[in-house]
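Letter by letter, the chains look like this.
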Amino acid sequence: GCSLDNQLVYFPSKWEGDGWDKQWNLPIKDIWFNASDGVRLHGWLIEAPKSPALLLWCHGNGGNMIHRLENIAELHRRGVSIFIFDYRGYGQSDGRPSETGFYRDAFAAYDFLADNRHLAPERIILFGRSLGAAVAVELATKRKAAGLILESPFPTVASMARVHYGPLPFKLFVRARYDLIKRFKDIDIPVLVLHGDRDRIVPLALGRRVYEAAPEPKDFYLIHGADHNDTYFVGGEPYFQRLLSFIRQATSATPHQGVP
C-alpha cells in the first residue's frame with residue numbers, strides 16, 4: 001500500500017554548517033557507527049567530567065541533532081554527559097526513516113556505548129523526547145539501563161493522529177505505530193515522565209496516559225507554561241534540578257538488592 005509516513009510522521013532536516021562545538025563551547029566528539037542492517041549513523045558524544053551518568057538521547061521526529069544543542073549545553077553545564085545520535089535519514093546519517101529502522105539505530109547507539117566506551121548499564125540513563133520516547137522504551141525492553149526519562153511522550157501514533165486529524169482511518173495509510181504503552185510490561189527500571197501543560201503538539205492528556213501506564217517506580221513532573229519544544233527553556237532551573245535528582249537517584253541505586 002501507499003504509505004504516507006514520510007509526509008505525516010518524519011520531518012528530518014539535512015545537516016548544515018559546522019563548528020558547532022565552538023559555537024556552543026561543548027567538547028563534541030563525532031561518532032560514526034553502523035546499525036545492524038549496515039546503515040551508517042552519526043552521533044555526538046559530549047562528556048562532562050565526573051558525570052554521574054550518561055544520557056543516551058533519542059530525539060523527536062523533527063530536525064536533527066543540531067536543534068538540540070541549546071538543551072544539551074544546559075545539561076552539560078550542569079555536569080551531565082550525553083550521547084545523542086541522528087536516526088537514519090536525519091542529519092548526516094544514511095538511510096530512510098522507518099519505525100524498525102529507528103529501533104535498530106537506538107540499539108546500535110547503545111551497543112556503541114557498551115562496547116566502545118565500556119559503559120556499564122548502571123551508568124546509562126535512557127532519554128526519549130516526543131516520538132523518541134517510544135524509541136527509548138523499546139530500548140529499555142531489550143537493554144539494561146539505570147533509568148528511563150520520557151519527555152512529552154504519547155502512547156501511540158494513532159493517539160496523536162486522533163488529536164490532529166480527527167477520526168480518519170489513519171492506520172490504513174501510515175505504517176508507523178510506535179506503541180509505547182504495550183512495551184511497558186517488559187520494563188522494571190525507574191521512570192520519570194515530564195510534560196508541558198501548554199503542549200499544542202502532544203496534549204498533556206497523552207503524556208498523563210503514558211505516565212498512568214508506566215510501571216513503578218515512577219514520577220511525573222509538570223512543566224507549567226511549557227509548549228512542546230520549549231520545555232527546558234520554560235522549565236528553567238527547577239526543571240534541570242528535577243532531571244539531575246532523577247539521574248543521581250537512578251544511578252546510585254543498586255537494583256534488586258535489599259536495603260540492609
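All values derive from a computational prediction rather than experimental measurement. (Residues numbered from 1 in each chain as written. Predicted model: local features only at pLDDT ≥ 70, side-chain atom pairs only at ≥ 80, totals over all residues. Heavy atoms only, no water.)

A. Here's a closer look at the nonpolar core. Counting residues in each nonpolar core, the largest one holds 59 residues, and the members touching the most others are L56, F83, L126, L148, L150 and Y178. For this core, the leading source of residues is helix α4 (residues 99-116), giving nine residues. Once residues lying within four places of it in the same chain are set aside, the contact partners of L126 are L56, Y110, A136, L139, A140, A145, G147, L148 and I149. (Core = buried A, V, L, I, M, F, W, Y, C linked by side-chain atoms within 4.5 Å. Buried < 20%, exposed > 50% of the residue type's maximum accessible area, 1.4 Å probe, protein only. Helix = DSSP H or I, 4+ residues; strand = E, 2+ residues; numbered from the N terminus. Contact = heavy atoms within 4.5 Å.)

B. Here's a closer look at the pairing of strand β10 (residues 218-223). One ladder, built from six bridges, connects strand β9 (residues 191-196) with β10; its direction is parallel. Across the sheet, the residue bridging to H195 is L222, located in β10. Regarding topology, helix α8 (residues 204-213) serves as the crossover connection from β9 to the parallel β10, and that connection is right-handed. (Pairing = 2+ DSSP bridges. Right-handed = clockwise from strand over helix to strand, strands pointing away.)

C. Focus on the pattern of salt bridges. Considering all chains together, one arrives at 16 salt bridges under this definition. As a salt-bridge pair, E151 and R129 come within 2.6 Å of each other at their nearest N and O atoms. Taken together, the residues span a long stretch of sequence, with E151 in strand β8 (residues 147-151) and R129 in strand β7 (residues 124-129) at a distance of 22 residues. Like R129, E151 is buried. Ionic pairing is found between D186 and K185, a salt bridge with its closest N-O pair at 3.6 Å. Each of D37, R88, R104 and D105 takes part in one network of salt bridges that share partners. (Salt bridge = Lys/Arg side-chain N within 4 Å of Asp/Glu carboxyl O.)

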